[in-house]
Amino acid sequence: MSYCVNCGVELAPSEPVCPLCHTEVQNPRQPFDRKAPQPFPARLDLFRPQSDRGFTAAIITLVLLLPAAICLACDVAYTSSAGWSMLVIGATAMLWVFIVPALFIRRHPILFGTILDTAALLGYLFIVEHFAARGAWFLHLALPIVVLCAALFTLDYLLTAKLVHGRFRQGAAVLFTMPLLPLGIEIILDLYLQHTVTLQWSYFVAIPCLILALLLLLLGRRERFRTQMKKRLHM
């Protein structure tokens, strides 16, 4: 019986490398035997669970459709119109967009999911303004805030997943973009409430984020510190 020289795991005669750490097997007394029985199946998909995404999507659709249909029927029966029930219909439709498309999206699921979720949230907020709220706040308040949040989330995802490498640099990139959110929200609120921009409270969020981002960049440049953090945090 052979054992891995790196991690010590027990090896079968038919294994040329360690299945755990992929170290080459070195045992002159028991060389690699291709004809020996394999300890693991060659095809891993034999034991992969098969999920019926279409059936799951149909069940979720029916479960969400039930309260929407009941509320619509009650609203029409008592008020002869579709008023408050549209809030329930919009909420269930938004939940459907949040859940069901994610079952079928395989390429770039985060990017496409962000676009669909943003559109669903904006649609529901438009329904709330039209059927429940007083005043026109969707176009000048809700729409820019939601789009700003979605754009910053997409930017952070692209930076951390595609462009910036290293945990410290990725954290610094997120902290560098984080001040854009309070700054954008304050600008949108000022334009909506007083039609002029006077930046005040957003500085209290932006300045600490920028300082922490610079700190992460400096710490990331120290090899010894990065090594210790990887060991202690299992990064």
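Further up the page is the structure itself.
Here the structure is a predicted model, which is why all the values come from computation and not from measurement.

K.L.:
Looking at this structure, I do not really get the overall build of the chain. What am I missing?
P.N.:
Along its length, the chain carries 8 helices and 2 strands. Reading the chain from its N terminus to its C terminus gives the helix and strand order β-β-α-α-α-α-α-α-α-α. The contacts in the chain between residues at least 6 apart in sequence include a share of 46% that link residues at least 24 apart. Surface exposure of the chain reaches about 16500 Å², of which carbon and sulfur atoms provide 68%.

K.L.:
What should I look at first to understand the environment of A57 in this one?
P.N.:
You can see A57 is positioned in helix α1 (residues 53-79). Sequence spacing of A57 and I99 is 42 residues, and the spatial spacing of their C-alpha atoms is 8.5 Å. Every residue in contact with A57, bar those within four places of it in the chain, is listed here: V100, L103 and F104.

K.L.:
Even after reading the chapter, I still don't get the side chain of T92, so can you show me in this structure?
P.N.:
You can see T92 is positioned in helix α2 (residues 85-99). Among the residues examined, T92 registers a relative accessible area of 12% and is labelled buried. When near neighbours in sequence (up to four residues on either side) are disregarded, T92 contacts L64, P67 and A68.

K.L.:
What's the story with the side chain of E129 in this structure? I'm lost.
P.N.:
Secondary-structure assignment places E129 in helix α3 (residues 109-131). Since its relative accessible area comes to 16%, E129 is described here as buried. At 2.9 Å, the side chain of E129 and the backbone nitrogen of W137 are in polar contact.

K.L.:
Where do I start with α2 in this structure?
P.N.:
Structural remark: α-helix, 3.6 residues per turn; residues separated by three or four positions point the same way. Across its 15 residues, α2 extends 21 Å between first and last C-alpha, which sits within 8% of the 21 Å expected from 1.5 Å per residue. Buried within α2 we find S85, G90, T92, M94 and V97. Elements in contact with the buried residues of α2: α1 and α3.

K.L.:
Would you take a moment to explain the packing of aromatic side chains for this structure?
P.N.:
To describe a pair of aromatic rings, one takes the distance between the centres and the angle between the planes. Applying the stated criterion to the full structure yields 1 aromatic pair. Relative to F138, the ring of F126 has its centre 5.6 Å away and its plane inclined at 75°; by these criteria the two rings are edge-to-face. Taken together, the residues F126 in helix α3 and F138 in helix α4 (residues 138-163) connect sequence positions 12 residues apart. When its relative accessible area of 42% is taken as the criterion, F126 is described as partly exposed.

Rules and cut-offs
Residues numbered from 1 in each chain as written. Predicted model: local features only at pLDDT ≥ 70, side-chain atom pairs only at ≥ 80, totals over all residues. Heavy atoms only, no water. Helix = DSSP H or I, 4+ residues; strand = E, 2+ residues; numbered from the N terminus. Contact = heavy atoms within 4.5 Å. Areas by Shrake-Rupley, 256 points an atom, 1.4 Å probe, with all protein chains shown as cover. Buried < 20%, exposed > 50% of the residue type's maximum accessible area, 1.4 Å probe, protein only. Polar contact = N/O pair within 3.5 Å; in protein donor to acceptor, adjacent residues only side chain to side chain. Expected span 1.5 Å × (residues − 1). Phe/Tyr/Trp six-rings, centres within 6.5 Å; stacked < 30°, edge-to-face > 60°.

Limitation: the analysis is restricted to geometry and does not speak to function.
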